[in-house]
Amino acid sequence: MKPTLALKIRLIYIPYIIITFSILAGYTALRYLINEKWNILPLSSNAWDIYLPLIISIFIVLKYLRPRLRILSLGGYNQNGFIIYNLAAIIAITIPVYHAQQYIATAPYKLHNINSLNDIDTNNVQKYYTIKNYKFDTNNGVMSALSWVSGGFRKNIEYSLLTATPVYDSIHPKFKVTYWYAYPFDTVVKKSTNRKKTETALTKFITDVRNNYDYFNPGEHQYFEVLRPSNEYYAYSTIIYTASTYARNHPAVILKPVFTPFNQRSGHSLLFTAISLFISTTTFFLMIFFPGVRLSAWRRFRAGTDGDSNELQHFLSYLVPGQNGLYVTPVIIWCCIILQMMIIIAHGLTALGSESIVLFGGNYLFGLIHGELWRLVTYMFLHADLYHLFSNMLFLGIAGAALEPLIRSWWLLGAYLFTGVAAGIASAFSNIYDVSTGASGAIFGLYGTMFGLLLMKYLPKRQRKKYSGLVWLYAGGGLIMSFQGNVDYVAHIGGLIAGIMFGIAYALIQTKLVLGNDMVANNN
């Protein structure tokens, strides 16, 4: 084994393995005790499955693994390379933990066979039941419509009618607790340039569901799952407590029918955990296998004299206006974070649906043509959920840290607003059925601004390679991802083009000002 490879394994890979297995085992066990067994911290499933593991992974990677990764020699792309390696480590740790949570949230539970609803111990409600005797009260059922776009190039509209039907004990009815049967009716409609055709298909779907609801027949389910805090739970509880007067004064137990056998409740989550763990650990090993070692960086790390040893503090300094030469970038980030915190207080941790996005300032064509032009600004500070916010703020921080020192703060703010508005206009007029939200259009605009500066050769030659790498890595990679699933690729393209125009205009203005000043100086 080569000495440098042995050094990388000892200094980077073994600590990474220890961190990965410690988080996987420790966090999963802690989640089982706190949430599943004792139920003393009933956070949503998204918080347990994604947000908490991600926060823990970020903290540990920045604190313990990032200083070790700095010994790698990544050629002329050291700074970009370090960002990639840190992100890769965070993702490699988080994905197996995520799959493990799917297993621990289902596997430990037993199936409880009861005769009627009143046999449920409301002080200790279990997760899975089979119930012999119950009836539906379809006269007091409630429903709510949801819609979203999906498929490559956002070509489909998925429409769902969430129905919640009261269920009561057919032997000895008691109404201290309300029970609800949760069932969605779904359809997928392909977008059409003929708007009337699309609206007719959606109207027919709604009419069919309403006509059939009076003859409600849930089908042959295997057992019931009692919904716990999750996006699905909050969606159903919202319509129940909003539409049902009785439910507002009584606890509600939401029962979801499951049509697959009970022994399949965990799916392939355990297998996915093992596969993702193998892939992530193998990939990370290959990532550290090829680069060389910077011996000077290794000596500084060994001596404990690395000037950037407090990694977490250095990372958080980018959120402080005035630090690292940044003023506008951290202010924009904080505006997005504060707005999202206010929305969480009002709405909860669940992802925003289309109606909520419109309420909080999302961008859509109908609003714009009726004079609500302020939506072109508010939408770029609004995000659908914490994952959406986190990913956008990460790429915004990278773009702002690179661009703001080049073009100064007020110009960066102008670039962000100009390209964000342009992206919003492009999105609204191309996706007339959609509601858009998020900073990604404006972020693509910032990378487009860099590209415009490169086209005009405004940057010094020694900096062009570095900024070219940033543009191709983040803007190019982001565009490729934009054409997959529910992503507003039109806003991304619109923001990028507007950014290129802004960068070219900025370079021309600054060049003209410099030439003008030189002419004045020569005349004097």
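Keep in mind it's a predicted model, so treat the numbers as computed, not measured.

1. So, the side chain of Thr-28
Turning to step 1, where the next piece is worked out: Mapped onto the elements of the fold, Thr-28 is located in helix α1 (residues 3–37).
Turning to step 2, where the next piece is worked out: On the basis of relative accessible area, Thr-28 is assigned to the buried category, the value being 11%.
Turning to step 3, where the next piece is worked out: Contact partners of Thr-28, with chain neighbours within four places excluded, come to Ile-23, Ala-100, Gln-101 and Ile-104.

2. Quick word on the packing of aromatic side chains
Turning to step 1, where the next piece is worked out: Considering all chains together, one arrives at 25 aromatic pairs under this definition.
Turning to step 2, where the next piece is worked out: Seen from their ring centres, Tyr-233 and Tyr-234 are 5.5 Å apart, and the 70 degrees between their planes marks the pair as edge-to-face.
Turning to step 3, where the next piece is worked out: Exposure remark for Tyr-233: the relative accessible area of 19% places this residue in the buried category.
Turning to step 4, where the next piece is worked out: When its relative accessible area of 27% is taken as the criterion, Tyr-234 is described as partly exposed.
Turning to step 5, where the next piece is worked out: Taking 6.1 Å as the distance between ring centres and 35 degrees as the angle between the ring planes, the aromatic pair formed by Phe-285 and Phe-289 counts as tilted. One end of the pair, Phe-285, and the other, Phe-289, are both in helix α6 (residues 269–289), 4 residues apart, so they sit about a helical turn from each other.
Turning to step 6, where the next piece is worked out: Here the aromatic cluster, defined as three or more aromatic residues joined through ring pairs, consists of Tyr-134, Phe-136, Tyr-181, Tyr-183, Phe-185, Phe-224 and Phe-259.
Turning to step 7, where the next piece is worked out: Over the face of the ring belonging to Trp-298 we find Arg-302, whose NZ or CZ atom lies 4.2 Å from the ring centre.

3. Some thoughts on the side chain of Thr-163
Turning to step 1, where the next piece is worked out: Here Thr-163 shows up in strand β6 (residues 156–168).
Turning to step 2, where the next piece is worked out: Within the structure, Thr-163 has its side chain in polar contact with the backbone oxygen of Tyr-183 (distance 2.6 Å).

4. Notes on the packing of helix α9 (residues 328–347) against helix α13 (residues 386–407)
Turning to step 1, where the next piece is worked out: Closest axis-to-axis distance for the α9/α13 pair is 9 Å, and the angle between their directions is 170 degrees. One finds that α9 runs roughly antiparallel with respect to α13. Within the contact between the two elements, α9 uses Val-328, Thr-329, Ile-332, Ile-333, Cys-336, Ile-337, Gln-340, Met-341 and Ile-344 and α13 uses Leu-386, Leu-389, Met-393, Leu-396, Gly-397, Gly-400, Ala-401 and Glu-404.
Turning to step 2, where the next piece is worked out: Across the contact of α9 with α13, the residue classes tally to 12 nonpolar, 4 polar and 1 charged.

5. Concerning the nonpolar core
Turning to step 1, where the next piece is worked out: By size, the foremost hydrophobic cluster in this structure holds 39 residues, and its most contacted members are Leu-396, Tyr-416, Leu-446 and Met-450.
Turning to step 2, where the next piece is worked out: Residue assignment for this core shows that the elements contributing at least two residues are α9, α13, α14 (409–430), α15 (440–455), α16 (461–482) and α17 (489–523).
Turning to step 3, where the next piece is worked out: By size, the runner-up hydrophobic cluster in this structure holds 36 residues, among which are Leu-7, Ile-9, Phe-82 and Trp-298.

6. Looking at unusual backbone geometry
Turning to step 1, where the next piece is worked out: One non-glycine residue, Arg-408, lies in the positive phi region at around 75 degrees.
Turning to step 2, where the next piece is worked out: Mapped onto the fold, Arg-408 is located in the loop between α13 and α14.
Turning to step 3, where the next piece is worked out: Note on Arg-408: relative accessible area 47%, which makes it partly exposed.
Turning to step 4, where the next piece is worked out: At Lys-457, a residue that is not glycine, the phi angle is positive and equals roughly 55 degrees.
Turning to step 5, where the next piece is worked out: Secondary-structure assignment places Lys-457 in the loop between α15 and α16.

7. Side note on the pattern of salt bridges
Turning to step 1, where the next piece is worked out: Per the counting criterion, the structure on display carries 6 salt bridges.
Turning to step 2, where the next piece is worked out: A salt bridge links Lys-204 to Asp-208; the nearest nitrogen and oxygen atoms lie 3.0 Å apart. Taken together, the positions of Lys-204 and Asp-208, both in helix α4 (residues 195–213) and 4 residues apart, correspond to about one turn of that helix.
Turning to step 3, where the next piece is worked out: Between Glu-232 and Lys-256 there is a salt bridge whose closest N-O contact spans 3.4 Å. Taken together, the residues Glu-232 in helix α5 (residues 231–243) and Lys-256 in strand β9 (residues 252–258) connect sequence positions 24 residues apart.
Turning to step 4, where the next piece is worked out: The partly exposed category is assigned to Glu-232, whose relative accessible area is 29%.
Turning to step 5, where the next piece is worked out: Accessibility expressed as a relative area gives 26% for Lys-256, which makes it partly exposed.
Turning to step 6, where the next piece is worked out: Linked through salt bridges whose partners overlap, the residues forming this network are Arg-31, Glu-36, Asp-49 and Arg-228.

About the cut-offs
- Residues numbered from 1 in each chain as written.
- Predicted model: local features only at pLDDT ≥ 70, side-chain atom pairs only at ≥ 80, totals over all residues.
- Heavy atoms only, no water.
- Helix = DSSP H or I, 4+ residues; strand = E, 2+ residues; numbered from the N terminus.
- Buried < 20%, exposed > 50% of the residue type's maximum accessible area, 1.4 Å probe, protein only.
- Contact = heavy atoms within 4.5 Å.
- Phe/Tyr/Trp six-rings, centres within 6.5 Å; stacked < 30°, edge-to-face > 60°.
- Lys NZ or Arg CZ within 6 Å of the ring centre and 35° of its normal.
- Polar contact = N/O pair within 3.5 Å; in protein donor to acceptor, adjacent residues only side chain to side chain.
- Axes fitted to C-alpha atoms, helices over the stretch in contact; angles between N-to-C directions.
- Parallel < 35°, antiparallel > 145°, perpendicular 65-115°, else oblique.
- Nonpolar A, V, L, I, M, F, W, Y, C, P; charged D, E, K, R; others polar.
- Core = buried A, V, L, I, M, F, W, Y, C linked by side-chain atoms within 4.5 Å.
- Salt bridge = Lys/Arg side-chain N within 4 Å of Asp/Glu carboxyl O.

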